[in-house]
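# Analysis of the macromolecular model
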Amino acid sequence: MSVRLRDRDSAIAIRWIPKYTTLERVLHWVHTAAFLPLALTGFAIFAPWLSDIAQGAAGTHIRLIHRVAAIIFGGVPVLYAILQPRRMWMNAKEFLSFGKYDLLWLKGAFPYYVLGRHGEMPPQPRFNTGERLTAVVLVLGTIVFGITGLTMWFLKGLMPAWLFQLMLFGHDIMFLITFIMFIIHFYLAVIHPMMWQSLVSMRFGVVSESYAREHHALWYYGEKRAKEMWEAHQAAHKDQT
Amino acid sequence: MSDRLAMYIDTSKCMACRGCQVACKQWNDRRGYVPGERETRNTGSYENPLSLDPETWTRITFHELDDGERFQWLFLKEGCMHCTHAACVEVCPTHALKYGPHGIVTYERDLCNGCGYCSQFCPFHVPKLEVINRLTGEAKSSKCVFCQDRTTNGLKPACVKTCPAGALDWGERDGMIAQAQSRVELLRSAQGFAQANVYGETQLGGLGRIYVLTAPPAAYGLPENPKYPVMAAVQKVLQPLGQVAFGGTVLAAITAWIIARRNVRMEEVE
């Protein structure tokens, strides 16, 4: 895919590389549309200072919205597994493969994302360490929310009280983790100036060639060449210092 | 002296007539046996219904105790204990359950959203959830409120007023404790109930029900030393902690953005 931008006497051709399928993008936004009401309605029950809006019929409706959104939230991965099982499997494998570059990413994240030092970021595959951590937390969250939420929904009063209390605790803890992850994800994917194409890719499904080179070198160049380039870069950096 | 009121329950005088159950239903407009709609079940005991439920805020439980020396048929008036440290109040996200006047744990049905946390955190398993629709989650909690409409107007709870055996009384908590202690003294010294004891004076910071028991609490199915649920305390820590964590993350993101704006040169951004 390419887009041609013309000015008076020259042409710039941008090569766009597909990153997400249409279904993945649609499901991502459906997931977001389910996550936000889930988080907000959950927060209304969680935060004591919001008790005024959690009361009576309003509170009952808040709990109903939470349930409806939960079904959509849980339905998204199921739908993905049914419609594009091979893509899902491929992504799942990528999400779970962590290596030495991930430690370097964690080390380089602050100088790179906050101080804008480009050289400190090791090559990354199609999903960088942060994206993969978000995905892992989200998968873990879906499982924990699913188990704790469904048992509290359907087995309240039918299971021992201590078990219900434990389920509520698990639900709350997972909420804290996923919501903090969501804030970070939102910041990096939507607000951060260097990551502007991540929003583009979730809208149009593509990233530019130059963006892929910069942010996903392992994916763009392949493992061997990306590694060589990184090592050469490191050696040059060492010589300078 | 505190203005806390309490219910005195002398199980040695209770004859299990269950007038209190009926008076409670009558005053609080709770349904009893409704043919075809609310059936009752007999399981070989006089105990009926089998547990507290949204329509039954108090009931008499029956226990048989044979300790080798004498046989006792024990009757216990069950219902909300109106604890000083009430887990139900602490976990209620709507303030439908509150510490009301005179130490009464009050309940406002209109404020309840049916989450049911109270029913799951009460150490005595008292609040019962009236599940209207399990799928939508529509429900209302329900429990004894010491006839808050009567007692806040200087009247006795309906059950106390109706008790024909004089087993129930209502008044200042300190007075009820003194009355229970002297009754226990009498039961021990003159009537041969060596194990007679007062229950409710100290449990969970002091209960709103002061029981005179003729046998150890366990014989009545009462927890000897009821505990405030650990998870309720954890929730109280988790709630502020979570909000600080959310706020901190947002603040960190804003700060990072301000710094990044200065440092990132957009002409270098791919």
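Nothing here was measured: the structure is a model prediction, and the numbers come from that model.

### Brief notes about the overall build of chain B
- Counting its secondary structure elements, chain B contains 7 helices and 10 strands.
- Whereas a compact globule of 270 residues would reach a radius of gyration of roughly 18 Å, chain B reaches 24 Å, over 25% beyond that.
- C-alpha atoms of chain B, sized along the principal axes, occupy 95 × 45 × 40 Å.

### What to know about the interface of chain B and chain A
- On the side of chain A, 41 residues touch chain B, which itself brings 42 residues to the contact.
- Secondary-structure elements contributing two or more residues to the side of chain B that touches chain A are α3 (117-121) and α7 (230-263) of chain B.
- Looking at which element gives the most residues to the side of chain B that touches chain A, the answer is α7(B), with 17 residues.
- Partitioned by chemical class, the residues of the side of chain B that touches chain A number 20 nonpolar, 15 polar and 7 charged.

### Re the domain arrangement of chain B
- Domain parsing of chain B yields domain 1 (5-220) and domain 2 (230-268).
- Averaged C-alpha coordinates put domain 1 of chain B and domain 2 of chain B at centres separated by 46 Å.

### Considering the sheet that holds strand β8 (residues 168-172) of chain B
Residues and elements named next belong to chain B.
- Taking strand neighbours across the sheet as the criterion, the 4 strands line up as β8-β1-β10-β9 in an open arrangement whose pairing is mixed. In the strand order of this sheet, the two ends are held by β8 and β9 (197-199), each with one partner. The mean angle between the axes of side-by-side strands here comes to 25 degrees, regardless of whether they run parallel or antiparallel.
- Where strand β1 (residues 5-10) meets β8, 5 bridges bridge the pair, whose relative direction is antiparallel. Bridge pairing links L5 to E172 in β8.
- Strands in contact with helix α6 (residues 173-190) are β1, β8, β9 and β10 (209-213); relative to β8, the strand with the most contacts, it is inclined by about 135 degrees.

### A word on the nonpolar core
- Of all hydrophobic cores here, the largest spans 73 residues; its most connected members are B:M7, B:C88 and B:L168.
- The leading source of residues in this core is β1(B), at 5 residues.
- In contact with B:M7, not counting residues within four places along its chain, are B:F146, B:P157, B:V160, B:L168, B:W170, B:G208, B:R209 and B:I210.
- Core analysis: the next-biggest nonpolar cluster, separate from the first, contains 9 residues, A:V206, A:Y211, A:L218 and A:Y220 among them.

### Focus on the packing of helix α5 (residues 129-154) of chain A against helix α6 (residues 161-191) of chain A
Residues and elements named next belong to chain A.
- The geometry of α5 relative to α6 is characterised by a closest axis approach of 9 Å and an angle of 150 degrees between their N-to-C directions. The pairing of α5 with α6 is recorded here as roughly antiparallel in orientation. Of the two elements, α5 crosses α6, and the hand of that crossing is left-handed. The residues of α6 that touch α5, namely those facing G130, T134, V137, L138, G141, V144, F145, T148, G149, T151 and M152, are F164, M167, L168, G170, H171, M174, I177, T178, M181, H185 and L188.
- Across the contact of α5 with α6, the residue classes tally to 12 nonpolar, 10 polar and no charged.

What counts, and at which threshold
Residues numbered from 1 in each chain as written. Chains lettered and ligands numbered in written order. Predicted model: local features only at pLDDT ≥ 70, side-chain atom pairs only at ≥ 80, totals over all residues. Helix = DSSP H or I, 4+ residues; strand = E, 2+ residues; numbered from the N terminus. Rg over C-alpha atoms; globule rule 2.2 N^0.38 Å. Contact = placed C-beta atoms within 7 Å. Nonpolar A, V, L, I, M, F, W, Y, C, P; charged D, E, K, R; others polar. Domains from an automatic or database assignment. Pairing = 2+ DSSP bridges. Axes fitted to C-alpha atoms, helices over the stretch in contact; angles between N-to-C directions. Core = buried A, V, L, I, M, F, W, Y, C linked by C-beta atoms within 7 Å. Buried ≥ 20, exposed ≤ 12 C-beta atoms within 10 Å, placed from the backbone. Parallel < 35°, antiparallel > 145°, perpendicular 65-115°, else oblique. Left-handed = near helix turned anticlockwise from the far one by under 90°.

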